[in-house]
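Here is how the chains run, residue by residue.
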Amino acid sequence: MEINYKPRIADKLLTKKLASKGAVLIEGPKWCGKTTTAEQRAKSILYMDDPSRLKSNLQLAEVNPEMLLEGEKPRLIDEWQLASNLWDTIRFSVDHHPSVGQYILTGSAVPADEDRMHHSGTGRISWLTMRPMSLYESGESTGQVSLSDLFNAPEKITGTNKLSLQDIAFLICRGGWPFATLLKGEAALSQAFDYVDAVIKKDISRVDKVKRNPTTARLLMRSYARNIASQTALTTIVADMSTNAEEEVSEKTAASYIEALRKLFVIEDSEAWNPNLRSKSAIRTSNTRYFVDPSIGTAVLRLGPDDLLKDLHTMGLFFEAMCVRDLRVFADALDGEVYKFRDRNGLECDAVVHLHNGKYGLIEIKLGGDTFIEDGAENLKNLASKIDTTKMNPPSFLMVLTGVGDYAFRRKDGVYLVPIGCLKD
């Protein structure tokens, strides 16, 4: 194992999936640690994008792809999507040499030529999504409160938070990029700026081989950042872009740029949660807009920690985005998903962690402040009272997830108050 390797929650997931399928595909944004995590398990490695071998790798993938699969198993094929026909070759190999844990594939983009993939891989290839590090993985959270344990509704939890408001501002802007977590100060913050520049100048055009305008890409990402943690319509984003552009931007153009960013795993929206409620209430079904890491939004807006501290409303939105990132990482470990709830009357829940076994927890995310925390707790209790428990389970827990606050504990009303600096999977 690499000396500086920080264990990831994905490590256990990868081990589990390798034990049940012939191949595992690890997807996620560039720089999030996919290759490094895969390297810890691989016994032989093919780096498809190795500049000294890229041309020959691509040629071999066309004429004799089986040769690229030769090597001790598990064999890691990094950036496999550069030769998407390898997908069917691997699927065929697993079919005809049936055993588990043969191949690990990593990719930072959806293949541009998916039409060359003739089989879904169902039953042969398992998917694993990786994201930038949660605060627990990067070492900022003490991990004294387990999200998994909360589903058992413990009477008492304990945890001490070491993070200040200044720390939270820095961590939002630094992001969970593994290399950034090894650096300090401006060097750590610069990684997100470099990531955004790479996406805008190169990756957004390479992902599906469609030439895109870097200026339009930046406008789109800036508008997305200004509407972070909201259910803003595409028409509003287009209007915002057009206000700042020399030429009018069409909805079709904006949608194509958004789709490209999804294929790069830069954007990861939250789907709307649709519970069974006792009263008839129109539930908003639009997705909530997020980047895969909050630092993408702050970087594209050229915001630093001091800027966030001067505008706590904006900081609160990006704090929500950071919490959603961490909850997604933790939910993956629990075999669950993260959603957002909001009805037409304004009742909302910032995050719903819904497990595949039917259990779910309701979470309000508040940067801090007694009034905001009380409002969050009341919202949770209000929503819980409206759920029709004859048609679905009652919530396993209600939690206000905060940025600041000294301790994690269960309140007298049963609502858990947990600083993000105490939480783990």
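Residues numbered from 1 in each chain as written. Predicted model: local features only at pLDDT ≥ 70, side-chain atom pairs only at ≥ 80, totals over all residues. Heavy atoms only, no water.

Draft legend 1. Expanded view of the overall build of the protein chain. Scanning the protein chain from N- to C-terminus turns up 15 helices and 14 strands. Expected size for 425 residues packed as a compact globule is a radius of gyration near 22 Å; at 22 Å, the protein chain falls within 12% of this value. Summarising its shape, the C-alpha atoms of the protein chain cover approximately 65 × 55 × 45 Å along the three principal directions. Of the contacts formed within the protein chain by residues at least 6 apart in sequence, a portion of 71% connects residues at least 24 apart. If you sum the accessible surface of the protein chain, you get close to 19000 Å²; carbon and sulfur atoms cover 49% of it. Counting 54 positive and 57 negative side-chain charges, the protein chain places the averaged centre of each group 2 Å from the other. (Helix = DSSP H or I, 4+ residues; strand = E, 2+ residues; numbered from the N terminus. Rg over C-alpha atoms; globule rule 2.2 N^0.38 Å. Contact = heavy atoms within 4.5 Å. Areas by Shrake-Rupley, 256 points an atom, 1.4 Å probe, with all protein chains shown as cover. Lys, Arg positive; Asp, Glu negative; His and termini not counted. Charge placed at Lys NZ, Arg CZ, Asp CG, Glu CD.)

Draft legend 2. View of the pairing of strand 3 (residues 75-78). Judged by which residues are buried, strand 3 turns out to be covered on both faces: Arg75 and Ile77 on one side and Leu76 and Asp78 on the other are all buried. Here strand 2 (residues 44-47) pairs with strand 3 via four bridges, running parallel. By the bridge assignment, leucine 46 is partnered in strand 3 with isoleucine 77. One ladder, built from four bridges, connects strand 3 with strand 4 (residues 103-107); its direction is parallel. When the bridges of strand 4 are listed, leucine 76 appears paired with isoleucine 104. Regarding the hand of the β-α-β motif, the stretch spanning strand 3, helix 4 (residues 86-96) and strand 4 is right-handed. (Buried < 20%, exposed > 50% of the residue type's maximum accessible area, 1.4 Å probe, protein only. Pairing = 2+ DSSP bridges. Right-handed = clockwise from strand over helix to strand, strands pointing away.)

Draft legend 3. Here's a closer look at the sheet that holds strand 8 (residues 336-342). On the basis of which strands lie adjacent, the open sheet formed by seven strands has the order 7-12-13-11-10-9-8 and mixed pairing. Pairing within the sheet leaves two strands with one partner each, and these edge strands are strand 7 (159-160) and strand 8. Bridging between strand 9 (residues 348-355) and strand 10 (residues 360-366) involves four bridges; their strand directions are antiparallel. Paired with alanine 351 across the bridge in strand 10 is isoleucine 363. Seen against the sheet, helix 14 (residues 312-333) touches strand 8, strand 9, strand 10 and strand 11 (397-402) and runs at an angle of roughly 145° to strand 8. Strands strand 8, strand 9, strand 10, strand 11 and strand 13 (416-419) of the sheet are contacted by helix 15 (residues 370-386), whose axis makes an angle of about 155° with strand 10. (Axes fitted to C-alpha atoms, helices over the stretch in contact; angles between N-to-C directions.)

Draft legend 4. Structural view of the packing of helix 8 (residues 185-206) against helix 9 (residues 214-226). Look at helix 8 against helix 9: their axes get within 9 Å of each other, and the N-to-C directions meet at 135°. Put simply, helix 8 runs oblique to helix 9. Considering the relative orientation of helix 8 and helix 9, their crossing is right-handed. Two secondary-structure elements touch here, helix 8 through Val196, Asp197, Val199, Ile200 and Ile204 and helix 9 through Pro214, Ala217, Arg218 and Met221. (Parallel < 35°, antiparallel > 145°, perpendicular 65-115°, else oblique. Left-handed = near helix turned anticlockwise from the far one by under 90°.)

Draft legend 5. Examining the pattern of salt bridges more closely. Here the structure, examined in full by the defined rule, presents 23 salt bridges. Salt-bridge contacts for arginine 8 lead to glutamate 137; the nearest nitrogen and oxygen are separated by 3.2 Å. Of this pair, arginine 8 sits in the segment before helix 1 (9-18) while glutamate 137 sits in helix 5 (residues 135-138), placing them 129 residues apart in sequence. For arginine 8, a relative accessible area of 7% gives the class buried. For the salt bridge of arginine 174 with glutamate 140, the shortest nitrogen-to-oxygen distance reads 3.0 Å. Here arginine 174, found in helix 7 (residues 165-174), pairs with glutamate 140, found in the loop between helix 5 and strand 6 (145-146); they are 34 residues apart in sequence, far enough to count as distant. For arginine 174, a relative accessible area of 3% gives the class buried. Shared partners join several salt bridges into a network, and the residues in it are Glu374, Glu378, Lys381, Arg411 and Asp413. (Salt bridge = Lys/Arg side-chain N within 4 Å of Asp/Glu carboxyl O.)

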